[in-house]
Amino acid sequence: MTAGLSTARDTSSVASIVEFGNAEPLAADLDRIDAVLAEVYGPPAAGEDLTVPEDHAGLRERLAVAAPRSVALAERVHRTFADGACGIVVRKLGLAQLEIDAQRRAMFAFAVLMGDVTFAHPVDDKVVWDVMDKGAPQTGAPKYSSFSENDREAEYHTDASFAINPDRYFLLYSAQQADCGGGQTFLADGRVLLRELDATSEGRDAVRVLSEVKLPMRVPKAFRRGGNAEDDGYMYRPLIGGEPLWRFRKDKVDKGLVAKSDKVGAEVRDAFDVVYRHLVARPDEYHAVIPTDGVLIVDNHVALHGRNGFTDSRRHLLRIRFHRAGTDQTVEADAG
Ligand SMILES: [Fe+2]
């Protein structure tokens with residue numbers, strides 16, 4: 001039994017990924033949501049400019065009165081997570097007829113009802129992040145390297161993996177799905193993954209190493225505030241165990257293991273390779289396109305996620321990350 005396994009919830013009788021529809025279109029809440037946002041942020045409150053609220057609980061209280069359909073859905077999602085799901089797909093929110101910024105405002109309100117939202121990027125404190133292929137920052141330059149700004153495959157990872165307190169949850173609302181056959185999202189339940197690894201001696205050894213050894217992960221400059229990084233620009237944490245159950249970001253780990261080869265031995269590289277090989281060889285708990293007007297909500301402390309590449313440049317998701325209500329740790333928490 002490893003540190004990671006001992007803290008994992010038992011999922012043997014619970015579906016990792018739960019899908020359901022939503023009978024009540026959230027668009028019907030929007031006028032009253034907009035009125036609340038205008039009161040709190042000042043009119044006009046554009047969805048793309050909404051920042052982390054100064055008073056999470058106060059805004060949540062106002063929205064709870066103004067947006068009954070969103071409240072009902074948030075409560076159902078909370079219950080489903082409490083029952084052991086690590087990912088929830090709601091196939092239709094009833095926002096498809098709205099323009100994109102109205103969709104941002106509706107999803108912002110829903111996320112505030114779910115928890116304490118965090119900023120998407122430390123520079124501007126904005127909460128709603130547009131996930132789409134943004135091309136190149138300038139003519140002749142390479143495309144953006146972050147998963148959320150290009151059209152390439154995003155390997156299995158957890159979000160904010162190099163933050164002290166990675167966000168507990170994130171949501172991806174699909175404003176426009178990819179229709180090219182790509183852009184499929186995949187999820188692995190980290191608790192199931194640990195059980196599988198525990199079944200072989202090689203897997204058990206790998207989990208033990210990654211639960212004990214503090215691996216170096218390079219922290220991007222913009223995210224080093226709040227004590228996320230040591231003086232050398234790296235954070236040192238075990239990848240498995242405790243809260244979160246998993247931190248996982250292969251490219252950052254790869255870089256760290258090369259740059260700090262004097263500090264970590266070959267057994268760490270081997271352990272990481274065992275886990276990664278197992279992860280990509282197993283069937284995913286979820287592997288599908290998030291349908292247009294659907295949302296995927298993920299427990300980022302338990303599930304690993306990724307997506308394959310796509311060529312349909314219309315693909316457009318909205319991402320919002322959040323902590324459990326009352327546990328905002330924005331200063332330390334946002335990255336990746
Ligand atoms: Fe991600």
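Reading the values: the criteria
Residues numbered from 1 in each chain as written. Predicted model: local features only at pLDDT ≥ 70, side-chain atom pairs only at ≥ 80, totals over all residues. Axes fitted to C-alpha atoms, helices over the stretch in contact; angles between N-to-C directions. Helix = DSSP H or I, 4+ residues; strand = E, 2+ residues; numbered from the N terminus. Parallel < 35°, antiparallel > 145°, perpendicular 65-115°, else oblique. Left-handed = near helix turned anticlockwise from the far one by under 90°. Contact = placed C-beta atoms within 7 Å. Nonpolar A, V, L, I, M, F, W, Y, C, P; charged D, E, K, R; others polar.

**Q** Would you mind showing me how to read the packing of helix α7 (residues 201-212) against helix α9 (residues 266-281) here?
**A** Angle between the axes and distance between the axes: these two values describe a pair of packed helices. Packing of α7 against α9 brings their axes to within 9 Å, and their N-to-C directions diverge by 120°. As far as their axial angle goes, α9 and α7 are oblique. For the pair α7 and α9, the crossing hand works out as left-handed. Residues Glu202, Gly203, Asp205, Ala206, Val209 and Leu210 of α7 form the contact with α9, whose participating residues are Glu267, Val268, Ala271, Phe272, Val274, Val275 and His278. Classifying every residue of the contact of α7 with α9 gives eight nonpolar, two polar and three charged.

**Q** Explain the packing of helix α3 (residues 56-66) against helix α5 (residues 100-114) to me, please; I cannot follow it from the model alone.
**A** Between α3 and α5, the least distance of the axes is 9 Å, while the angle of their chain directions is 115°. Taken together, the axes of α3 and α5 lie roughly perpendicular to each other. Of the two elements, α3 crosses α5, and the hand of that crossing is left-handed. Within the contact between the two elements, α3 uses Leu59, Arg60, Leu63 and Ala64 and α5 uses Ala109, Val112 and Leu113. Split by residue class, the contact of α3 with α5 holds six nonpolar, no polar and one charged.

Limitation: the analysis is restricted to geometry and does not speak to function.
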